[in-house]
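Remarks on the overall topology
If you want the building blocks of each chain, they are given just below.
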Amino acid sequence: MALRIIIILAVTMNLWALSTALPPDVVFRMMHPELKSPVSPLLESEEADNPLHISQPCWDALNRTVNITIHKLLNGSMSPKVLDSFGKPGAGILAGNINMLGHFDECESVPDFKYCLASFNLSGEIPELPIPLLYGLCVPRECSDYDVYQLGIDTETLLPGGRKLPLETVMCTEYPHHPFTWQFALTVTFFSALFIVVVVSSLYHAWYHSPACHPRAFIPLDEQCTLGGEESTVNGTNDGQDEDVKMDDPKSLHAQRRLQESGGSTMNKLLFSFALPRNLPKLLSTESSEGSIDCLHGIRVISMLWVILGHVFSIMIMVPLFNPLTGTSWLSRYGFMTVANALFSVDSFFVLSGLLVTYLTLKAMKRRNGRIPWRWFYFHRYWRLTPALAVITLFWLFIMPYLGHGPLAQSYGNRGPCQKYWWTNILYINNFYPTKGESGCMPWLWYLANDMQFFAISPLILIPLYHIPWLGLCLIALLCLASCAVTGTLVGVNSFGVTIMEALAPSGDPNEKSFSDVVYFKPYCRITPYLVGMVLGYIIHKYQKMSIKMRWPIAVLGWIVACGVGYTCIYCVYGNYNGHVWGVAASAVYEALCRFAWGAALCWIIFACHYGYGGWVNSLLSYGGWAPLSRLTYCAYLMHPVIMFMYMTHMGTATYMSLALFAFYFAGISLVSYGCAAIFSLMVEFPLVSLEKLFLPRA
């Protein structure tokens, strides 16, 4: 019973300190004279027959270790690490610092003890504190999560009148955090084999293009950093005849070079698909192909950085914070609207996706007289996205749960929902099932589901857009109107607001849907920027580059309107963060039109830059240095939340919120995300693109 007494006294002390910093009415509710009565019977109890019905090993360990510990503490022969590692209240409770994580390393350093993290729900009894209270404990290793939970139930009577402080969850740290399974072994084997394949392929590529392999004909390094050789040696048919003639023939030399660069045999081409000397120059190339839209590289990178910026704020506030009220106060700053409304960065990608699908498909249809092998059209898209997604999912499911170390590692390593719903990601239905987005697997992948669904229906628009353009454009206009009407209706019926905290907050009631579930994740509410991008893709296909002429006043007016529309989309909601909350009608109109308006503004920027009216903006966005980072966008999108969660699993204390540290977090996570994306692209994405070109027919 001794540890029960210690836990109860520790929690009582912490709740007392918590209550002393609260307003008087809250103090009265918490520090009522009745507070003493529920504790007294526990202190005076003589029960010793496991009255809590916890496991017998845990019960024996509690009585044994606590008695020994108290004896050693009394005679001074033992340092009080166990008690010292318990969570204790700190300063700044009124600023939201209610979490008491304790000291993880100190607890883990005590033999036969382990760290546990309990989560209490304060919202029912103390509405002034609607966030959970995390409390760190140090208990014997024989005790399971359920045992500690049963012990924690006693603390629910600490409030006056026998009212309860609900204990929601208990997570105790184990080593390893989760049992090693055959899936873990298979995943480690897969990544090891992939690494070996890349290394062997790179070494073989270097040897194959070296003078040691082709000593008779040595051609200097070409633009792909590969070495050529003479045709007769490559083909293995050199009989010493006509060698000089072949080497002097430019056409023959070019054929020799192309043959050796490609690797000759199918097996060589297969191996070279994974070779770093072959893929790295492709990644780092700053050259653009004929007919490309150069400004898209800059837009893609800036939009990706904007996505990371928004996630640094929205995901990082999920961890225990030292001053959460300070962080939320940033939302009332005018300049912080760029972060609060980083949601528009996703709409930028929808614009780019719709533009490129339309532009490239119409160009292919023109080359094939309107005929497209639609089965390969869909297969290419699925092959382009899914293998990389599957590999990231493997890492998230079976490797990452073992990498954390700290108070949050055990809870953040829980993959229960992901093991149940991972298949919805590779089928691209995760924005519909499970019905509550936060209960799914890797929730940031909702974008891919929407993008794939838009792609799936795009031929219904592309075919009439090619054969009967006015019909295709009318269909796009009709879909835009329908999407705006549906979005506005859903927002109005559910009385949703326009602030990020209200829009993205998960619903506490399992039967109540949040804004994300009803509007934000749904394709029929997000398709308008994609459709606007399709219109621009048709225009760029129809009219060659630099073929559209405008007078400069019209171009200037276009820039003013586009910038004004984009500015309004981001900053017009500022008043909602400062007490001037819009009504339901205003919120519905804003949500119905803002994504369409943002897509139209971005399309003007692309249009103006492509047709020569972009000025310095086009020079900036079309800079060749954007191209390598642009090729990493997809992998950076997949990986940056993984990097952020990995960082969070190593946090040992509450995070201090400041704008300077926020900027450092953003810079560090962006750098690490793009670095990991480069490795991932070279090992997975680029090889798979090469394999597709090797085995599938060209469009």
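Structural data are supplied above this passage.
None of the values given here were measured: they were computed from a predicted structure.

Secondary structure assignment for the protein chain yields 33 helices and 3 strands. Looking at the protein chain residue by residue over its 699 residues, the buried ones come to 50%. Within the protein chain, residue pairs in contact and separated by at least 24 positions form 79% of the contacts whose partners lie at least 6 positions apart. Just so you have it, the protein chain exposes about 32300 Å², and 67% of that area is on carbon and sulfur atoms.

The next thing to look at is the sheet that holds strand β1 (residues 113–120). Taken in spatial order, the 3 strands make up an open sheet running β2-β1-β3, and their pairing is antiparallel. Edge positions in the sheet fall to β2 (133–140) and β3 (167–172), since each has one partner strand and no second. Strand-to-strand twist of the sheet, defined as the mean angle between neighbouring strand axes without regard to direction, takes the value 25°. Bridge count between β1 and β3: 5 bridges; the pairing is antiparallel. Bridge assignment links Leu 117 to a residue of β3, and that residue is Met 171.

The next thing to look at is empty space enclosed by the protein. Applying the stated rule across the entire model yields 10 cavities of 30 Å³ or more. Taken as a whole, the largest cavity spans an internal volume of roughly 150 Å³. Of all elements in the fold, only α17 (344–367), α24 (500–504), α25 (515–520) and α29 (584–610) reach the threshold of two or more residues within the lining of the largest cavity. The greatest single-element share of the lining of the largest cavity, amounting to 4 residues, is contributed by α29. Taken together, the residues of the lining of the largest cavity sort by class into 11 nonpolar, 2 polar and 3 charged.

Within the largest apolar cluster, 169 residues are counted, with the highest numbers of intra-cluster contacts made by Leu 448, Ile 606 and Leu 638. Those residues within four positions of Ile 606 in sequence are excluded, and the remaining contacts are Ile 293, Cys 295, Leu 296, Ile 299, Val 351, Leu 352, Leu 355 and Leu 536.

Summed over all chains, the structure comprises 50 aromatic pairs. For the ring pair Trp 446 and Tyr 447, a centre distance of 6.5 Å and an interplane angle of 85° mean the geometry is edge-to-face. Overall, Tyr 447 belongs to the buried group, its relative accessible area being 12%. A network of ring pairs unites the aromatic residues Phe 349, Phe 350, Trp 446, Tyr 447, Phe 454, Tyr 520, Phe 521, Tyr 530 and Tyr 637 as a single cluster. One cation-aromatic arrangement involves Arg 381 over Phe 455; the distance from NZ or CZ to the ring centre is 5.1 Å. One residue, Arg 415, lies across the ring of Trp 396, its end atom 3.9 Å from the ring centre.

Before going further, it helps to spend a moment on unusual backbone geometry. With omega at -5°, the peptide bond leading from Tyr 175 into Pro 176 counts as cis. Structurally, the position occupied by Pro 176 is in the loop between β3 and α8 (182–208). Along the chain, Tyr 433 connects to Pro 434 via a cis peptide bond; the corresponding omega equals 0°. Inspection of the secondary structure puts Pro 434 in the loop between α20 (416–426) and α21 (446–457). Positive phi, close to 70°, is recorded for Asp 112, a residue that is not glycine. Relative to the helices and strands, Asp 112 resides in the loop between α6 (104–108) and β1. Not every positive phi belongs to a glycine, and Ser 495 is a case in point at roughly 55°.

In this structure the tally under the stated criterion is 3 disulfides. Bridging Cys 116 to Cys 172, the disulfide has an S-S length of 2.0 Å. Disulfide Cys 116-Cys 172: the torsion about the S-S bond is 105°, which places it as right-handed. In this pair, Cys 116 is assigned in strand β1 and Cys 172 in strand β3, connecting sequence segments 56 residues apart. Side by side, Cys 116 and Cys 172 carry an identical accessibility label, which is buried. The partner cysteine of Cys 418 in its disulfide is Cys 441, sulfur to sulfur 1.7 Å. Highlighted residues: Cys 418 in helix α20 and Cys 441 in the loop between α20 and α21, separated in sequence by 23 residues. You'll find Cys 418 and Cys 441 in the same group, each marked buried. Just so you know, Cys 480 is unpaired, no disulfide at all, and the nearest cysteine sulfur is the one on Cys 484, 6.4 Å from it. Overall, the relative accessible area of 9% leaves Cys 480 in the buried class.

About the cut-offs
- Residues numbered from 1 in each chain as written.
- Predicted model: local features only at pLDDT ≥ 70, side-chain atom pairs only at ≥ 80, totals over all residues.
- Heavy atoms only, no water.
- Helix = DSSP H or I, 4+ residues; strand = E, 2+ residues; numbered from the N terminus.
- Buried < 20%, exposed > 50% of the residue type's maximum accessible area, 1.4 Å probe, protein only.
- Contact = heavy atoms within 4.5 Å.
- Areas by Shrake-Rupley, 256 points an atom, 1.4 Å probe, with all protein chains shown as cover.
- Pairing = 2+ DSSP bridges.
- Axes fitted to C-alpha atoms, helices over the stretch in contact; angles between N-to-C directions.
- 1 Å grid on protein atoms, 1.4 Å probe; cavity = no way out; pocket = protein on both sides within 12 Å on 5 of 7 lines; lining within 4 Å.
- Points joined across faces, edges and corners; volume = space filled by probe spheres on them.
- Nonpolar A, V, L, I, M, F, W, Y, C, P; charged D, E, K, R; others polar.
- Core = buried A, V, L, I, M, F, W, Y, C linked by side-chain atoms within 4.5 Å.
- Phe/Tyr/Trp six-rings, centres within 6.5 Å; stacked < 30°, edge-to-face > 60°.
- Lys NZ or Arg CZ within 6 Å of the ring centre and 35° of its normal.
- Disulfide = S-S within 2.5 Å.

By themselves, these observations are geometric and do not establish any function.
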